[in-house]
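Each chain is listed here by its residues.
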Amino acid sequence: MKVGIVLGSSRSVRLGERVCKFILREADKVPGADFQILDLREYGLPFYDEAIPPQANPARNPSRTVQRWLADVASADAYVFVTPEYNFGIPGVLKNALDFLAYEAEGKPALIVSYSDNVRGGDLAGQELRLIVSKLGMFPLPKSIPLGHAERLFDESGVLVERSDWGARVSIAVPRLISDLVRYAAALGPIKAENPTFRPLPRASAPAPL
Ligand SMILES: Cc1cc2nc3c(=O)[nH]c(=O)nc-3n(C[C@H](O)[C@H](O)[C@H](O)COP(=O)(O)O)c2cc1C
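This one's a predicted model, so the numbers in the text were calculated from it and none came from an experiment.

What counts as what
- Residues numbered from 1 in each chain as written.
- Predicted model: local features only at pLDDT ≥ 70, side-chain atom pairs only at ≥ 80, totals over all residues.
- Helix = DSSP H or I, 4+ residues; strand = E, 2+ residues; numbered from the N terminus.
- Buried ≥ 20, exposed ≤ 12 C-beta atoms within 10 Å, placed from the backbone.
- Near = placed C-beta within 6 Å.
- Nonpolar A, V, L, I, M, F, W, Y, C, P; charged D, E, K, R; others polar.
- Pairing = 2+ DSSP bridges.
- Arc of directions from axis to C-beta.
- Contact = placed C-beta atoms within 7 Å.

### Focus on unusual backbone geometry
Positive phi values are uncommon outside glycine, yet Asn87 reaches one of about 50 degrees. Looking at the secondary structure, you find Asn87 in the loop between strand S3 (78–84) and helix H4 (92–99). Taking the C-beta count within 10 Å as the criterion, Asn87 has 9 such neighbours and is therefore assigned exposed.

Next comes the structure, spelled out in structure tokens:
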């Protein structure tokens, strides 16, 4: 099983790297899954600009850059979305990347990990992301943990260094959530296999009467 860890910040200096490294460290302890970081900075995606929405366009011909992102998303069985909060929402770079998706992520579970450099842990962004991934057909795990003061929780290598009760809670909750994600992905796999991966929505030929 493959799990993609989507790093939602593309800033040249970013707290998100520590969070990702921590998730990866914890993920390595979970049997039965290979975890890979999908770093939005590395993809260098253009601004989304397609005439027809991806979900309604079977004849789509994306650029190689976009194809690479779509292929990596499609090849994963589950996702961890690591997102900061920018102005009470998810970063534009993450929303832009998600806007490219058609059915690549459909039917797969997603763990949402928000973080911030303050006590709120980016929870508003996490909630917003929950709605967006649902629209894209993913199953967001019901539980998540907003990582408040991530700059104190982790050092630059992603080692959990916070010795308070909060640090202890994170050390228990995150591995548990990652295990949950893998178990959900295993359970959803057979259901997903029965469905075609690309299902354009039927288009009404005339507007429905009011
Ligand atoms: C443009 C911008 C907007 C921000 N808006 C919020 C916000 O609405 N809520 C919040 O808790 N933190 C906010 N922050 C602070 C972030 O939590 C903090 O900068 C964090 O390090 C961002 O993650 P990154 O370094 O991985 O990009 C904002 C930061 C930036 C750069």
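### Side note on the site of the ligand
In the vicinity of the ligand, 15 residues are found, and the nearest of them are Ser9, Arg14, Gly16, Pro84 and Ser116. Per-class residue counts for the shell around the ligand are 4 nonpolar, 6 polar and 5 charged.

### Section: the sheet that holds strand S4 (residues 109–115)
If you walk across this open sheet you meet the 5 strands as S2-S1-S3-S4-S5, and the pairing is parallel. At either end of the open sheet lies a strand with only one pairing partner, and these are strand S2 (34–39) and strand S5 (139–140). Bridge count for S3 against S4 is 6 bridges, and the pairing is parallel. Bridging across to S4, Thr83 finds its partner in Ser114.

### A few points about H4
Along H4, the positions that sit buried rather than exposed are Leu94, Ala97 and Leu98. For H4, the arc enclosing every buried residue in end-on projection is 95 degrees, short of the 170-degree limit, so these residues lie on one face. Where H4 is buried, its residues meet helix H2 (40–43), helix H3 (64–75), S3 and helix H5 (123–135).

### Section: the pairing of S3
Across the 7 residues that make up S3, a large majority, 7, are buried. Residues Ala78, Val80, Val82 and Pro84 point to one face of S3 and Tyr79, Phe81 and Thr83 to the other, with burial holding for every one of them. In the sheet, strand S1 (residues 2–7) pairs with S3 via 5 bridges, with the strands oriented parallel. When the sheet's bridge partners are listed, Ile5 is paired in S3 with Val80.

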